[in-house]
Amino acid sequence: MKLAAMDAIDSLMPYLLHLVVLYVSVVVIYLLYEYKSSDGGATPNLPPGRKGLPYIGETLDYVLASRWGTPEKFITDRTTKYSPDVFRTSLLGEDMAIFCGAAGNKFLFSGQNKYVTSWWPDSIKKALMDPASVDNSSKEESTKLRAYLPPFLKPESLQHYIPVMDIMAKEHLDQHWFPYNEVQVFPLSKKYTFALACRLFMSVTDPEEIENFAKPFALATAGLISVPIDLPGTTFNSAVKAGRQIRQQLLALITKKKNELLEKRKTVASDLVDSMLMDGMTEVEIGNKIVGFFIASHDTTSTAITFLVSYLSDHPDVYSRVLEEQMEVVRCKVGGEPLRWEDIQKMKYTWCVACEVMRLAPPANGSFREAISDFTYAGYTIPKGWKAFWTVHSTNKNPKYFPDPERFDPSRFEGDGPAPYTFVPFGGGPRMCPGKEYARLEILTFIHNLVVRLKWVKSNPKEKISYIPSPIPEEGLPIKIQPLPN
């Protein structure tokens, strides 16, 4: 027996030796990686920080902080340890400088195309854009994307959308809320905002056709910030497959609309797709941009609506003021007349509440940039090719900008509101999101219809919130609802 055991050990020795060599090699590689990541490397004036594990970097730390419902902890831990202005890390396989505070936000917003350009992670480009057509220059693609939004989002255009938003909100509530005693707010708000985007961007109104777009879109967006490993079973692999399906569906729809334009000789665009076709864009280009518009307008507004419902439930005094403001709007309407532009302008307090909700539960974390040349910020060098990231989590709960930051206080946004670049859910300065007003109208129109027709309480007041990467109530925010008396 002993002899057999000794023979077995001897047979394993070559493998054990290989394992030891592998272990030592990994340790040495990691130590060298950490040394190069430290301030003692070849470029001593890089921002302080660490890159974490090879390739993975600190992505896992960021994801875990988000999953635990404290995404700001990833930022505050590092600003405390390294620098309140800028620190280095590695996310999504990229060297990255995280710009912090109002000054950091202002620098990146005003430095567009001078120091930095727009940049999208590979996971977004590979999952949602046509690989054969996507422009390698994020700067050019972003410029094109924004160029088509201003006409669509001019005040004279937006005024026409308000009655449509109002009617669709009423229909949505009648169909998906009123027949039930309990509903889940998060999936229903996503359903509403997606249907509205389909209607306004593409003139798609058929519920079955909308659902055929919505299902793969949900799979694709789930993989946007995942590690871009395209292997069966991974989140990214599912996102790539779903993205391919979305592009095929969009290509068919855009081609159909193009043929209709030619046959009917239309000269006035009825939606965003028509407008881009009339400007001579190819079907593939339009498909890429429509996907971008959906990302910007759908997930963020549905998240804002969900948490607005949540906070109104938690704060009856605020709810009462919002209800009174909205009922005043109703009293000025005649015979079921839909909402108009002037009605939205009366909802000042409700928008203050929405802003405070977005401060505490931001629908978007921030945005990426890429350094187009070496530059210096706060005494540190940011090398060309490095990625930069501005994040709401460096200001939204920072007591320097918002005293007693965990307290829910809509009055922070009354009058002149917060200092510039401290509250940036839509970016800021020259890089202000052109869809800000569209989002404001969509949120206020829906909340108006909700508060004047229903009252509600949370089914689970202690429901947990995860950030993936936006805040998501783990149970979908179930609420018990009752119609308000007429």
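Residues numbered from 1 in each chain as written. Predicted model: local features only at pLDDT ≥ 70, side-chain atom pairs only at ≥ 80, totals over all residues. Heavy atoms only, no water.

Please provide a residue-by-residue account of the overall build of the chain, values included.
Assigned secondary structure in the chain consists of 17 helices and 12 strands. Burial analysis of the chain (486 residues in total) assigns 49% to the buried set. Contacts spanning at least 24 positions in sequence make up 70% of the contacts within the chain whose residues lie at least 6 apart. About 23500 Å² of surface is accessible on the chain, with carbon and sulfur atoms providing 58% of the total. (Helix = DSSP H or I, 4+ residues; strand = E, 2+ residues; numbered from the N terminus. Buried < 20%, exposed > 50% of the residue type's maximum accessible area, 1.4 Å probe, protein only. Contact = heavy atoms within 4.5 Å. Areas by Shrake-Rupley, 256 points an atom, 1.4 Å probe, with all protein chains shown as cover.)

I'd love a proper account of the sheet that holds strand 9 (residues 454–458), names of residues and values included.
Ordered by their spatial adjacency, three strands build an open sheet running 4-12-9, and the pairing between neighbours is antiparallel. Two strands close off the open sheet at either side, each with one partner strand: strand 4 (182–184) and strand 9. With strand direction ignored, the average angle separating the axes of adjacent strands in the sheet is 40°. Alignment of strand 9 against strand 12 (residues 478–483), held across five bridges, turns out to be antiparallel. The residue of strand 12 that forms the bridge with Lys 458 is Ile 479. The sheet contacts of helix 13 (residues 283–314) involve strand 9 and strand 12, and relative to strand 9 the element is tilted by about 80°. (Pairing = 2+ DSSP bridges. Axes fitted to C-alpha atoms, helices over the stretch in contact; angles between N-to-C directions.)

Hey, could you go over the sheet that holds strand 1 (residues 86–91) for me, with residue numbers and the actual values?
Within a sheet, each strand pairs with its neighbour through backbone hydrogen bonds, oriented either parallel or antiparallel. Taken in spatial order, the five strands line up as 1-2-8-5-3 in an open sheet, and their pairing is mixed. The open sheet has two edge strands, strand 1 and strand 3 (116–118), and neither has a second partner. Across the sheet, the mean angle separating the axes of adjacent strands is 35° when strand polarity is ignored. Summarising the sheet, strand 2 (residues 94–99) and strand 8 (residues 387–391) pair through four bridges and their orientation is parallel. The residue of strand 8 that forms the bridge with Ala 97 is Ala 388. Of the strands in this sheet, strand 2, strand 3, strand 5 (366–371) and strand 8 touch helix 4 (residues 101–110), which is tilted by about 130° from strand 8.

Give a description of the nonpolar core that names residues and reports values.
Counting residues in hydrophobic clusters, the biggest one holds 92 residues, and the most contacted among them are Trp 177, Phe 201, Met 202 and Ile 290. Top contributing element to this core by residue count: helix 13, with 12 residues. Ignoring sequence-local partners within four residues, the contact set of Ile 290 consists of Phe 201, Met 202, Leu 250, Leu 272, Val 273 and Met 276. Ala 97, Ala 371, Ile 382 and Ala 388 belong to the second-largest nonpolar core, a separate cluster that totals 17 residues. (Core = buried A, V, L, I, M, F, W, Y, C linked by side-chain atoms within 4.5 Å.)

Any chance you could break down the pattern of salt bridges for me, citing the residues and the numbers?
Counted according to the given criterion, the structure contains 29 salt bridges. Glu 182 serves as the salt-bridge partner of Lys 480, at 3.6 Å between the closest nitrogen and oxygen. Taken as a pair, Lys 480 in strand 12 and Glu 182 in strand 4 lie far apart in primary sequence, 298 residues in all. On the basis of relative accessibility, which here comes to 44%, the residue Lys 480 falls in the partly exposed class. (Salt bridge = Lys/Arg side-chain N within 4 Å of Asp/Glu carboxyl O.)

Mind laying out the pairing of strand 1, listing which residues take part and the relevant values?
Each regular strand shows side chains that alternate between the opposite faces of the sheet. In terms of burial, strand 1 is a largely internal element, six of the six residues being buried. Neither face of strand 1 is exposed, since Val 86, Arg 88 and Ser 90 on one face and Phe 87, Thr 89 and Leu 91 on the opposite face are all buried. In this structure, strand 1 lies alongside strand 2, joined through six bridges in antiparallel fashion. Counterpart to Arg 88 in the pairing with strand 2 is Ala 97. Following strand 1, the chain reverses through two residues before pairing antiparallel with strand 2; Leu 92 in that reversal takes a positive phi of roughly 55°.

Could you give an account of the layout of surface pockets, naming the residues involved and the relevant values?
Roughly 630 Å³ of internal volume is contained in the second largest pocket. With eight residues, helix 10 (residues 207–222) is the single largest residue contributor to the lining of the second largest pocket. Grouping the amino acids of the lining of the second largest pocket by side-chain chemistry returns 11 nonpolar, six polar and seven charged. (1 Å grid on protein atoms, 1.4 Å probe; cavity = no way out; pocket = protein on both sides within 12 Å on 5 of 7 lines; lining within 4 Å. Points joined across faces, edges and corners; volume = space filled by probe spheres on them. Nonpolar A, V, L, I, M, F, W, Y, C, P; charged D, E, K, R; others polar.)

Before we move on, could you go through the side chain of Thr 89 and cite the residues and values that matter?
Checked against the element boundaries, Thr 89 lands in strand 1. Given the relative accessible area of 0%, Thr 89 is considered buried. Among the polar contacts listed, one links the side chain of Thr 89 to the side chain of Glu 58, at a separation of 2.5 Å. Those residues in contact with Thr 89 that lie beyond four places of it in its chain are Arg 50, Lys 51, Glu 58, Phe 74, Glu 94, Asp 95, Met 96 and Ile 98. (Polar contact = N/O pair within 3.5 Å; in protein donor to acceptor, adjacent residues only side chain to side chain.)

Provide a residue-level description of the confidence of the model for the chain, including the pertinent values.
Residue-level pLDDT values for the chain average 85, and 84% of them are 70 or greater. Contacts from residues 1–41, a stretch scored under 50 in pLDDT, to residues over four places away or in other chains number 22 contacts. (pLDDT = per-residue confidence, 0-100.)

Can you lay out the packing of helix 11 (residues 235–264) against helix 13 for me, pointing to particular residues and giving the numbers?
Two quantities define a packed helix pair, namely the angle between the helix axes and the distance between the axes. Running from N to C, helix 11 and helix 13 point in directions that differ by 120°, and their axes come no closer than 9 Å. Of the possible angle classes, the one that applies to helix 11 and helix 13 is oblique. Of the two possible hands of crossing, helix 11 and helix 13 adopt the one that is right-handed. Within the contact between the two elements, helix 11 uses Ile 246, Leu 250, Leu 251, Ile 254, Thr 255 and Lys 258 and helix 13 uses Glu 283, Ile 286, Gly 287, Ile 290 and Val 291. For the contact of helix 11 with helix 13, the per-class residue count stands at seven nonpolar, two polar and two charged. (Parallel < 35°, antiparallel > 145°, perpendicular 65-115°, else oblique. Left-handed = near helix turned anticlockwise from the far one by under 90°.)

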